[in-house]
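# Report on the structure
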Amino acid sequence: MIRTDNIHVDLGMFHLVDVSIDVAENEFFALMGPTGAGKTVLLEAIAGLIDIHRGYVWIGGRDVTRLPPEKRGVGIVYQDFSLFPHMTVLENIVYGLRFHHVPKPVAAERLERLAADLNLGHLFDRLPTNLSGGENQRAALARALMINPSVLLLDEPLSALDPRFREEMRDSLKALHRHSSTTFLMVTHDFAEALSLADRAAVMNDGRIEQTGTVEDIFRRPRSTFVADFVGMKNLLAASFDSDGMHINGLELDTGGMSLGPCSYVATRPEDIVVSKEPLRSSMRNSFAGTVTALIDRGLYYEVCIDSAGVSFNAAVTKRSLFELGIREGENVFFSFKATALHCF
C-alpha cells in the first residue's frame, strides 16, 4: 500500500538519506525513533507536504511522488490536533467532504459510524476550545477518516494526551483500524505505543532507517547498539571472544553452546535477569555475584543496578519481590540469566 524507494530529502542541515519502507495494505505500521530522527519529515514527504529531492513514493500501486497532497488519498493527524478553532466539532469532521465527492447517504452513514466508534455524537455542537485533549484527538481522527482515505498518517497521536487518556485513545485506534480498510502509519518515539498497536515497525535515527521488521523482532533482536538502546535493552556491553568463549571485562559468559557468530556487543534485557540473596539452583547458565549500586523506582517495578567485577548490569524487579528480598543499596546479591537471553551483534 505504501512504498518509499530510496527517498532523499534536504531540509537545511537535516537530511533523509535513502529511506525505503514497505507497508502492506490495511497494516498498522509504526515509525519509531527519538526526537529529531526524521520521522515527521518522512510522514510529510509521503503526504506530499515536503518536496522529495530523490526517490519515489508509491501509494496503492500508484507513483504519487509528484502529485499534490489532495490527489494522494492520504489523511494526516498531527499531535496538536490542528482543528479549526472557529468551527464546531461537526463542522470540522465534515470539512473535507467539500473537496471530495461523496454521496450524501454514504457520508451520513460514515459520520454515524465514526461518531459511534469515537464517542463524538454528544460533542458535535462544541468548539475545539471547549474539549479535552482526548476529545480533540478523537475529533481530529474522525475528520481525517471522514473522507475514507486509503492511508492514515498519525504523527505522535498520543503524546499530547494526559496518561489517563492514552489508554482510551489506544483502544480507539485499535478499534478504528480493525473496523476499516485504511492502512495506518503512525509516528512515535514511545516503543510501548508501537508494541501495543503496530504489527510491524521501522526504527529511524538521524534521517536513516536502522531496522525494519515485526515489533517483536525489533524488541527481541535489535541489529545495532542504537536500536538495542531504543527498545530498552539496557545491558549492552562490549564483548570479546576467544577459544574459551565470551568475555565481558573478565566475566566469562556461558552461551549454552549457541553459535552467536562474530560480534562486538552482547546484550540482555533487564527483565531477563533474576536477582537473589543466595546463589540460585536453576537451569540458568550464567550466575554472578555483585553489589547493588542503585535502586531506581520505575513505577511498576524497580531497576536494580548491580556492579560485578567492574561491569554494570541492570535488572527489573517487581516492587513486591524487592520488598520480600529486602534488597538495599550497598548489599551483595547474586544475579542470574539464561544463555538464551543473550543477544549478540
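Above this text sits the structure in question.
Residues numbered from 1 in each chain as written. Predicted model: local features only at pLDDT ≥ 70, side-chain atom pairs only at ≥ 80, totals over all residues. Heavy atoms only, no water.

### Regarding unusual backbone geometry
- The backbone phi angle of Asn119 is positive, close to 55°, even though this residue is not glycine.
- One can find Asn119 in the loop between helix 3 (104-117) and helix 4 (133-146).
- Classification of Asn119 as partly exposed rests on a relative accessible area of 48%.
- In this structure, Asn148 takes a positive phi of about 55° despite not being glycine.
- With respect to the element layout, Asn148 can be found in the loop between helix 4 and strand 7 (151-155).
- Overall, Asn148 belongs to the partly exposed group, its relative accessible area being 42%. (Helix = DSSP H or I, 4+ residues; strand = E, 2+ residues; numbered from the N terminus. Buried < 20%, exposed > 50% of the residue type's maximum accessible area, 1.4 Å probe, protein only.)

### A short note on the sheet that holds strand 4 (residues 54-59)
- If you walk across this open sheet you meet the 4 strands as 2-1-4-5, and the pairing is antiparallel. Bordering the open sheet on either side are strand 2 (14-23) and strand 5 (62-63), each of which pairs with just one other strand.
- Here 5 bridges tie strand 1 (residues 2-11) to strand 4, and the two strands are oriented antiparallel to one another. Each bridged residue has a counterpart across the sheet, and for Asp5 the counterpart in strand 4 is Tyr56. (Pairing = 2+ DSSP bridges.)

### Focus: the packing of aromatic side chains
- Summed over all chains, the structure comprises 10 aromatic pairs.
- Aromatic side chains Tyr265 and Phe345 sit 6.4 Å apart centroid to centroid with 25° between the ring planes, which places their arrangement in the stacked category. Linking Tyr265 in strand 15 (residues 265-268) with Phe345 in the segment after strand 21 (343-344), this pair joins segments that are 80 residues apart in sequence.
- Using a relative accessible area of 19% as the deciding quantity, one classes Phe345 as buried.
- Taken together, the ring pairs connect Phe288, Phe313, Phe335 and Phe337 into an aromatic cluster.
- Across the ring face of Phe84, the terminal group of Arg143 is positioned such that the distance to the ring centre comes to 5.4 Å. (Phe/Tyr/Trp six-rings, centres within 6.5 Å; stacked < 30°, edge-to-face > 60°. Lys NZ or Arg CZ within 6 Å of the ring centre and 35° of its normal.)

### As for the pairing of strand 10 (residues 208-214)
- Two strands pair when backbone bridges link them, and strand 9 (residues 200-205) and strand 10 are joined in this way by 6 bridges, in the antiparallel orientation. Across the sheet, the residue bridging to Met204 is Ile209, located in strand 10.
- Between the end of strand 9 and the start of strand 10, which pair antiparallel, lie 2 residues, with Asp206 showing a positive phi angle near 55°.

### Some words on the pairing of strand 20 (residues 332-337)
- Pairing between strand 16 (residues 274-276) and strand 20: 3 bridges, direction antiparallel. Note on strand 20: the bridge partner recorded for Ser276 is Phe334.
- Pairing between strand 17 (residues 286-297) and strand 20: 6 bridges, direction antiparallel. Considered in strand 20, the bridge of Asn286 is made with Phe337.

### What about the nonpolar core?
- Grouped together as the largest cluster of nonpolar side chains are 47 residues, with contacts concentrated most on Met32, Leu141 and Leu154.
- At 7 residues, the largest contribution of residues to this core is made by helix 4.
- Not counting residues up to four positions away in its chain, the partners in contact with Leu154 are Phe28, Leu43, Val77, Leu141, Leu173, Phe184, Leu185, Met186 and Val187.
- Grouped together as the second largest cluster of nonpolar side chains are 29 residues, Ile2, Ile21, Ile50 and Val187 included. (Core = buried A, V, L, I, M, F, W, Y, C linked by side-chain atoms within 4.5 Å. Contact = heavy atoms within 4.5 Å.)

### Details of the sheet that holds strand 15
- Spatial ordering of the open sheet is given by 11-15-21, a layout of 3 strands whose pairing is antiparallel. Because the sheet does not close on itself, it has two edges, and the strands there are strand 11 (235-238) and strand 21.
- Here 2 bridges tie strand 15 to strand 21, and the two strands are oriented antiparallel to one another. When the bridges of strand 21 are listed, Val266 appears paired with Cys344.

### Considerations on the pattern of salt bridges
- On inspection of all chains with the given rule, the structure shows 13 salt bridges.
- Among the ionic pairs, Asp18 bridges to Arg54, the shortest N-O distance being 3.8 Å. On the criterion of sequence distance, the pair formed by Asp18 in strand 2 and Arg54 in strand 4 is long-range, its members being 36 residues apart.
- According to the relative accessible area criterion, Asp18 is partly exposed, its value standing at 40%.
- In this structure Arg54 comes out as partly exposed when scored by relative accessible area, which is 46%.
- Notably, a salt bridge pairs Arg221 with Asp217, separated by 2.6 Å at the nearest N-O pair.
- For Asp217, a relative accessible area of 17% corresponds to the buried category.
- When salt bridges that share partners are traced, they join Asp217, Arg221 and Arg223 into one network. (Salt bridge = Lys/Arg side-chain N within 4 Å of Asp/Glu carboxyl O.)

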